[in-house]
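Listed below, chain by chain, are the residues.
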Amino acid sequence: MKTIRKQRLFLIIAMVAAIMGAVAFALNAFNENLMYFYSVTETVNGKAPEQQAFRLGGMVVKGSVKRPGEGLTVFFDLTDYQSSVTVNYTGILPDLFREGQGIISTGRLNEKGVFIADEVLAKHDENYMPPEVAESLKTAKSQAD
Amino acid sequence: MTFSEFINMSGYGHYVWSSFGITLVLLVWQVIQPINELNELKRKISQSNLRNTKRR
Amino acid sequence: MNPVMKWIHLLGSPPYFYRFSGKLLPWLSVLCIILFVWGLYGGLVQAPADYQQSDAFRIIYVHVPSAWMSLFVYVTMAVAGAIGIIWHVKMAEIVCVTSAPIGAVFTFLALLTGSIWGKPMWGTWWVWDARLTSELILLFLYFGVMALYRAIEDKRMAARAVAILALVGLVNIPIIHYSVEWWSTLHQGPTVTKFDKPSMDASMLIPLLVMALAFQLYYCIVLLLRMRTELVNRERNSKWVNDLVSP
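Rules of the game
Chains are numbered independently. Their residues run from 1 in the order of the written sequence. Each chain is given a letter, starting from A, and each ligand a number, starting from 1, according to the order in which they appear as written. Per-residue local features of the predicted model are confined to residues with pLDDT of at least 70, and side-chain atom pairs are confined, for both listing and counting, to 80 or more; whole-chain, interface and lining totals are unaffected and use all residues. Side-chain metrics rest on all non-hydrogen atoms present in the structure, leaving aside hydrogens and water. The contact criterion used is simple: two residues touch if any of their non-hydrogen atoms lie within 4.5 Å. Salt bridges are counted wherever a side-chain nitrogen of Lys or Arg sits within 4 Å of a carboxyl oxygen of Asp or Glu. Here a polar contact is recorded for every N or O atom pair within 3.5 Å, except that within protein the pair must consist of a potential hydrogen donor and a potential acceptor, and residues adjacent in sequence are included only if both atoms are side-chain atoms. The numbering of helices and of strands both runs from the N terminus, where a helix is a DSSP run of H or I of at least 4 residues and a strand a run of E of at least 2. Classes in brief: Ala, Val, Leu, Ile, Met, Phe, Trp, Tyr, Cys and Pro nonpolar; Asp, Glu, Lys and Arg charged; the others, Gly included, polar. Values labelled buried area give the accessible surface lost by two parts on being combined, using a 1.4 Å probe and summing over both. Here is the rule: rings of Phe, Tyr and Trp (six-membered ring for Trp) pair when centre to centre is within 6.5 Å. Planes less than 30 degrees apart are stacked, more than 60 are edge-to-face, and the remainder are tilted. To sort residues, take the accessible area from a 1.4 Å probe on protein chains only and compare it with the maximum for the residue type: under 20% means buried, over 50% means exposed, and anything in between is partly exposed. Only Lys NZ and Arg CZ are tested; either one counts as a charge over a ring when it is within 6 Å of the ring centre and within 35 degrees of the ring normal. In this analysis, axes come from line fits to C-alpha atoms, helices being fitted only over the stretch in contact, and the angle between any two N-to-C directions falls in the range 0 to 180 degrees. By the definition adopted for this analysis, an angle is roughly parallel if under 35 degrees, roughly antiparallel if over 145, roughly perpendicular if from 65 to 115, and oblique otherwise. Each crossing gets its handedness from the near helix: less than a right angle anticlockwise from the far helix is left-handed, clockwise is right-handed.

## Notes on the interface of chain C and chain B
In many reports, interface size means the accessible area that the parts give up when they come together. On the chain B side, the residues contacting the 40 residues of chain C number 27 residues. Remark: the boundary between chain C and chain B carries 0 salt bridges. If you look at where chain C meets chain B, you find 8 residue pairs in polar contact (both at pLDDT 80 or more). Sorting the residues of the side of chain C that touches chain B by element identifies α2 (14-46), α3 (60-87), α4 (90-121), α8 (202-234) and α9 (239-245) of chain C as the ones contributing at least two each. At 12 residues, the largest contribution of residues to the side of chain C that touches chain B is made by α4(C). Of the residues in the side of chain C that touches chain B, the class split is 28 nonpolar, 6 polar and 6 charged.

## Let's talk about the interface of chain A and chain C
If you look at the interface, chain A gives 36 residues, while chain C gives 46 residues. With both sides pooled, the region where chain A packs onto chain C buries about 3600 Å², and carbon together with sulfur makes up 65% of that total. The largest contributions to the chain A side of the interface with chain C come from A:Tyr36, A:His124 and A:Tyr128, which together make up 20% of the buried area. In this structure, the connection of chain A to chain C is made through 0 salt bridges. Where chain A meets chain C, there are 18 residue pairs in polar contact (both at pLDDT 80 or more). Broken down by secondary-structure element, the contributors of at least two residues to the side of chain A that touches chain C are α1 (3-29), α2 (31-34), β6 (115-123) and α4 (131-144) of chain A. Per element, the largest residue contribution to the side of chain A that touches chain C is 10 residues, and it comes from α1(A). For the side of chain A that touches chain C, the class distribution of residues is 25 nonpolar, 4 polar and 7 charged.

## Topic: the packing of aromatic side chains
On inspection of all chains with the given rule, the structure shows 21 aromatic pairs over all chains. Ring plane angle 85 degrees and centroid distance 6.1 Å describe the contact between C:Phe72 and C:Tyr219, whose orientation is recorded as edge-to-face. On the criterion of sequence distance, the pair formed by C:Phe72 in helix α3 and C:Tyr219 in helix α8 is long-range, its members being 147 residues apart. What makes C:Phe72 partly exposed here is its relative accessible area of 38%. The buried category is assigned to C:Tyr219, whose relative accessible area is 3%. The ring of A:Tyr36 is capped by A:Arg55, whose NZ or CZ atom sits 3.9 Å from the centre of that ring. Sitting over the ring of C:Tyr18, C:Arg228 keeps its end group 4.0 Å from the ring centre.

## Side note on the packing of helix α5 (residues 130-151) of chain C against helix α7 (residues 172-182) of chain C
All names here are of chain C. Two elements in contact, α5 and α7, have axes whose closest approach is 8 Å; the angle formed by their N-to-C orientations is 160 degrees. Between α5 and α7, the interaxial angle falls into the category roughly antiparallel. Like other packed secondary-structure pairs, α5 and α7 cross with a definite hand, here left-handed. On α7, the residues touching Ala 130, Arg 131, Ser 134, Glu 135, Ile 137, Leu 138 and Leu 141 of α5 are Asn 172, Ile 173, Ile 175, Ile 176, His 177, Ser 179 and Val 180. Considering only residue class, the contact of α5 with α7 consists of 8 nonpolar, 4 polar and 2 charged.

## Things to note about the pattern of salt bridges
Residue and element names in this part refer to chain C. All told, the structure shown has 7 salt bridges over all chains when counted by the stated rule. A salt bridge links Arg 58 to Asp 55; its shortest N-O distance comes to 2.9 Å. There is no split in this pair, since Arg 58 and Asp 55 are both buried. Where Glu 235 meets Lys 90, a salt bridge forms, and the shortest distance between an N and an O atom there is 2.9 Å. With Glu 235 in the loop between α8 and α9 and Lys 90 in helix α4, the pair connects residues that are 145 residues apart, well separated along the chain. Taking relative accessible area as the criterion, Glu 235 reaches 15% and is therefore assigned buried. Judged by its relative accessible area of 28%, Lys 90 falls in the partly exposed class. Overlapping salt bridges, with partners in common, bring together Glu 93, Arg 156, Glu 230 and Arg 234 in one network.

If you want it as structure tokens, here you go:
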């Protein structure tokens, strides 16, 4: 390669590397703001904002979904397998909302430590399979237990 | 599976079909557009060539 | 020079490239249509419904290939731009500038179909999480490249400016890919492109890979079509273009 081309190649590699480095530092500095939600443990430990609304993410505990009345009000527990928090929500739940599934909810904690939600979004996982396969996995798992 | 079941997609029909429909329309348009542009360009160039030869 | 290098040099000649791509295009088109029909039939008819998402998961067959291509086209554009700057290869410059609108369409489709999928599944059309936001920035990068190319009169200068912008924007590509692992997002983690076995049943995965291949081939076809148009436009005063248009 001729020297001038080598120089240009080197210059471009240096430029891209410098930008990558700068962006990496910036992203690291704003890491907290880039998190879409707080985990349950963070919320219980008081890391989540107290006075304002924030997003809380976790798994819906199996068997915890309760509807006290005829209306759209629902109570359920969220967990990250370390701590758990009770969520109270009135409104239409997304189609994927079910026990054992991940959700992200916007709202605020009240003085009793119950999360009063304005919005509930379902977070689906990266697994895709037909119902029969899911069923057989379930049976295999329960036999193993 | 019946045809109406296929269209209905367990109730998600309008989500599924609008996704596939919009994708198809955009992809087809994106093929036609450069072909038309090239034909138009060729026509323009040949016209300006004709004009130039007449002037000479 | 060995024959392969000789042929690559030959492809750098506009009239040869124009003739060669003209011969190649019908074959590519037939292959692409076959793959699309196979992938669509597999995805819409053969693949079973998902155990959680039922038939709504079928949007994956247009969403995921579009999203993959939005990243692939960007990398191609930036690499071609770099080759154009370093070695002054005209064809690489043209690959760079003609890829931008194609990439923009793929990015737009990924965002739109993702939004249509998100409404019934997540419960919202849009959230400002790291994955969705970085993909939106990608769309604006493509728009920026297209606008910059149009704004500069001298097309060789324009191609150089565009290549620099594309290279700067390259930093966004790993951010998009790893956003779901680095930060907590509403968007789920990778299914196919992780190091483990893909967490997708084979009956669903095969149509997805066929669709991905179809999209790849489709990109090649549209790229060739756009390159031909760009070449004729740039070389409108040359002899080969005159021979081409004269009846």
